[in-house]
Every structure is written in structure tokens, then in C-alpha cells.
Amino acid sequence: MADRGDIFRIGTGAGFAADRLDPAVDLARRGALDVMVLECLGERTVAFAHRDRMADPRRGYNAHLERRMRALLPACRDAGTVIITNMGAANPRAAAERAREIARALGLAGLRIACIEGDDVSGRVSSTQPFMDEPGTLADLGQSIVGMNAYLGADAILPALHAGADVIIGGRLADPSMYLAPLMHRFGWNATDMTRAGAGTLVGHLMECGMQITGGYFADPGVKDVPDLAACGYPIAEVAADGGAVITKLPGTGGCVTEATVKEQLLYEVHDPAAYLTPDVTADFSRVTVKADGKDRVRVGGANGRSRPEKLKVTVGFDAGFMAEAGVSYAGPAASARGRLAVEIAAARLKQAHGIVDNLRIDLIGASSLFATARLPQAESEDVRLHVALRTAKREEAELMLWEVESLLCCGPAGGGGFRGGITPAVMTKSLLIDRALVKPTFEMLIA
Amino acid sequence: MTARGRNTPLSVRDIAHARAGDKGNTSNVNVWVYDPADFERLKRILTAERIKREFPNLVRGKVERYVVEHLHGLNFVLHEALEGGVNASLNLDSHGKSWSYLILGLPLEPER
């Protein structure tokens, strides 16, 4: 890695599976980064990836891996930037081999690509193992398991960094661990130093969702205006040896980094601010300081940490049949009344003609949908859309629902149009905890 | 913060901003005042009990509130509040990303 004195520069090049690529290329070219992290896995993403792998053993990794590697490998090699990513999803081996093929095709001979495996713990978990935070065990469920992955921490990534990897590809690498590991490597932080682990985890937690800290998922016109959000830049963390950091972004990009954007991300998906659990540490964000330090620069510090959790979290993915969605729109005078009538007809027909009642939800978009459970319908809109959602184990039931909703075009209220319907496979995930001893991460270096 | 109509009651959105996240069937919403001078008021009006009371059909479990005094923020943890969670919910917004605006939409003074 390039030595730039006391400051280590980490950038985020993706904060979720479908995140943008062109701002990542800009950051790789102009960011003078030591490391670029691409965080591309959610709990359900892994389960879907396992299904892809079952259908084709050469797949099961992030769908955008090829495009991302083609665009980023040359820029990162030029800048001496190490790439760390969990784009391997359910098949890190195939992902690393594909990355090596791409590197060779681009003429990047000698590029060192580390493949981290060992997060897949299928067959190593007892069927009597209880779920986390809910009753039941694996054996109780009776649905087919598509995959089981343990969250791997910084200790799984460090050996690949010590071995001089240019690109590190894993599966279920925990999001903040992908940031903590290179900081431990660069600054020589001890694995037992929980204060530094907390500091590095704070950096990772703030950075892992990409633009959620540079103005994405933030704009609210009139109260929280964000400049040029269409050209939003990914974040950069400038980290010092003590773990203190400045969060910033490239000049000339859209978005903003302010105390407000940092604070919203600080507790994103956090419950107790004093106990944020990762495979590396029980991080304490309760006394974190957040201070503006110039335009689009915010200084953070004061994170702490205590004991490393004894057990690792495992995500178990199950086949959950099909998700079917269908809709018809109504506009103009009394659109809401016609839409409500469509809701009544759809519910009656699905029940009476097809016996479809369970796992069914009917909303009227424009009048009441997202907040329908939270409170009674309120809006009177002149542009509404019936939206029917059904989850079912039977494909035929899903098809019948789509047919029934489409029939509203001729058999429903006046002026209904714009039918669309679709059926997608559904997965379900549950979590459990297992002993660390059952999880043995490995890495292998592939040379382009 | 906003120029709202004279007859519009002030809502939490007028003094604070918020972000929602999800884990399983649990939602968390963090809420931050723009002006530290409003923090005491926010703490007084946005109690865990009020959040639970305002959305009885949605929030089936308990509500916990964490206070981050020095940054002028509150973090609400809403248990059993995602209609089964992303696996089971048939809500278009199965992650409850919009729950932040449920809280921001509350009037500053609860109805008597």
C-alpha cells in the first residue's frame, strides 16, 4: 500500500449490491486511496445468491462484479489502491476466478487476488440450534435451506493483507470489518486492542453505506437540501493512527458531508449506541464526537469498544415460494372512490373465486399504502393505484391472483388502466449464533 | 425551520431530522434537532410511551428510547414494528424505510 504518512485513506466504492459504478471510478482515479471497499451484501442478498449458484455453479456472486472489476481494476492498480469486497456473495471462488480472468484480459499481469472462504457453514450447524431473537429451531421450520453464512471479521481478512493482496474477495465479510482490517494492518493495531477496534468499526459503520453519509438517503427539500444529488460522490475516510478520522468526499462531486449527514448514519441500524456488535468488537458509539472541519469535512472520534463477541452470527436463507404483485390505476374525479371499490372487488373475488385470503395485502397507492398499518387512510387523491401483493408456495395461486387483478380492466370500476403484474421467487432469512470454533476462514491467492 | 401555513400545526419535522433502519422485525429511528435549543422540547414530547401510543397497530412490541445528550439526538428502537420484517411483510416498504417520516409527521404537541 502507498505510504502517505500518518493518514490512511479509505474510500467506499459501493454501499449495497446495486450501488452506482461511475462515482466509484471517479473516486478510484482521483481519490489517492490506500483502500477502496465495495460493500455489496445484505442478509437476503446472500440467500438470493445461493439460489443463483444452485442454478449455475459458476454464478452466485454479485451481478455487477464483471462491470465493476473492468472499470476499477486498472484505476486501482495505477493508484496502488487495494480493493476489499464481499461481492463473492455465495461463491467467492468463482468471483475471484472471474476477477483474475478480467485482470488478465486487461493486461494486469501479476495482480494478486485473494479469495476468502469459510463463511459458508452449511452442514456444520446442528438442526436443534435455536434461532436468535425468535422462537424455534432449524428443524422446526420445514422449508428447504438455500444457504448458511457466518459473518467473518477482520481476522479473516488480515492474512490476505499480510500476503500482499491487491484485491480481496470474500462472501459474508462483515461490513465494518472490511474497513477495520486494513486499519489494523496499516497501523499495527493489536487484535486485543478493543479501543482501536471500536474506532475502526466506527469508521467502517459510517462508510459502509456509501452515499448515505454524503447526502444520499437524506434530502428533504426545504429543510434538508442537498446540492447536485444526481452527481453525488462516494465518501472518503482520512484515518489517523489513533483511529480518529475525517469523513469527506472528492471536490467537484455532488452531495454534502455535514454533521447532520454523519449523525443520521452514526445510529443507522444501531439499537443501543453503547453496544454495537460485530465479529470484532462490542463497539461503543455513545460518546462519539462529530465536528465540522471545513466544507464537506466532518471530524469524528471518541469511539470505544469492549469484549469481542464469543459467538458469530449466521444468516440462514430459506426458500419461501413466490411473491406476486399486481396493480391497476385510476385517475381523475373520484379516483379514490373508484380505487376503494377496486380494493373491495379484488378482495371479494380472490376470496370467493380462489380461496386466497392468507399472506395477501391490498393497498391503494396514493391514498394509503406504506402507512396503512400505522394509521387510517387519509388522503383523497386524483391519481391512485390498486396494489395487490401475495406470498404463496404455489405458483398457480400467484398466477391466478395476477389474472384476477387484470380482469378488473373490463369487470371493475370505470376508467381503470395500466395493469402490470409480476411473480418473483421469494427467500426468507433467519439468524442464529454459533461458536467461533466452528468457523474456519481460509484464503488463497490467485495471481493474474 | 420551514415556512409553513399559519394554520398548519407544527410537526416534529419542523425542528428535527431523522433516519430509519431495520434489523429483522425491529425498526430503529434516530431523530436529531437542528437547533440544540429545541432538544429539551424534543425529549419532552417524543417519549417512548408516546411513540407506542401513536402507532398501536404498527408497533406490536415495546419501544426503547436512547438519548445521545451531547449530539442532541434520540434513538428509538421499535420492536415487532415491521409487519413481520422484510421476510414476511407485504408492505411495499418492507424495510420500513419510511418510518422516519411517521415520527417526523407527529404534531409537536400531542392532541389532548
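What you see is a predicted model; the values in this text were computed from it and never measured.

(A) Examining the interface of chain B and chain A more closely. Residue-level contacts link 30 residues of chain B with 31 residues of chain A. For the side of chain B that touches chain A, the secondary-structure elements that each account for two or more residues are β1 (16-23), β2 (26-33), β3 (63-68) and β4 (73-78) of chain B.

(B) Looking closely at the packing of helix α1 (residues 22-30) of chain A against helix α3 (residues 65-79) of chain A. All names here are of chain A. The N-to-C vectors of α1 and α3 enclose an angle of 15°; their axes lie 8 Å apart at closest approach. By the angle between their directions, the pair α1 and α3 is classed as roughly parallel. The way α1 lies across α3 gives a crossing that is left-handed. Contacts between α1 and α3 pair A24, V25, A28 and R29 from the former with A71, L72, A75, C76 and A79 from the latter. For the contact of α1 with α3, a count of residues per class yields 8 nonpolar, no polar and 1 charged.

(C) Broad picture of the sheet that holds strand β12 (residues 298-301) of chain A. Residue and element names in this part refer to chain A. The strand order across the open sheet built from 10 strands is β11-β12-β8-β7-β1-β2-β3-β6-β4-β18, with neighbouring strands paired in mixed fashion. Only two strands of the sheet have a single neighbouring strand rather than two, namely β11 (289-292) and β18 (442-447). Each adjacent strand pair in this sheet contributes to an overall mean axis angle of 20°, direction not counted. Along the sheet, helix α4 (residues 92-105) makes contact with β4 (112-117), β6 (167-169) and β18, crossing β4 at roughly 170°. Lying on the sheet, helix α9 (residues 259-266) is in contact with β8 (245-249), β11 and β12; it crosses β11 at an angle near 160°.

(D) Layout of the environment of L73 of chain A. All names here are of chain A. On the secondary structure map, L73 appears in helix α3. Taking C-alpha positions, L73 is 45 Å from T128, a pair spaced 55 residues apart along the chain. Contact partners of L73, with chain neighbours within four places excluded, come to I102, A103, L106 and L108.

(E) Focus on the domain arrangement of chain A. All names here are of chain A. If you check the domain split of chain A, you get domain 1 (8-120 + 151-310 + 437-447) and domain 2 (316-431). Inter-centroid distance (C-alpha atoms) of domain 1 to domain 2 is 38 Å. Every contact between the two is made by 7 residues of domain 1 and, on the other side, 4 residues of domain 2. By residue class, the composition of the side of domain 1 that touches domain 2 is 3 nonpolar, 1 polar and 3 charged.

Analysis parameters
For every chain, the first residue of the written sequence is number 1, and numbering continues from 1 onward in sequence order. Just so you know, chain letters begin at A and ligand numbers begin at 1, following the order they were written in. For this predicted model, a pLDDT threshold of at least 70 governs which residues receive local features, and a threshold of 80 or more governs which side-chain atom pairs are given and counted, while totals over whole chains, interfaces and linings are taken from all residues. Whether two residues are in contact is decided by their C-beta atoms, placed from the backbone, lying within 7 Å. Every helix listed is a DSSP run of H or I at least four residues long, and every strand listed is a run of E at least two residues long, numbered separately from the N terminus. In this description, a line fitted to the C-alpha atoms serves as the axis of each element, helices being fitted only across the stretch in contact, and the angle between N-to-C directions of two axes falls anywhere from 0 to 180 degrees. Comment on the angle field: the value is read as roughly parallel under 35 degrees, roughly antiparallel over 145, roughly perpendicular from 65 to 115, and oblique elsewhere. Note on convention: the crossing is left-handed when the near helix lies turned anticlockwise from the far helix by less than a right angle, right-handed when the turn is clockwise. All residues other than Ala, Val, Leu, Ile, Met, Phe, Trp, Tyr, Cys, Pro, Asp, Glu, Lys and Arg, Gly among them, are scored as polar; the first ten of these are nonpolar and the last four charged. By definition, two strands form a pair when at least two bridges between them are found by DSSP. These domain boundaries are the output of an automatic or database domain assignment.

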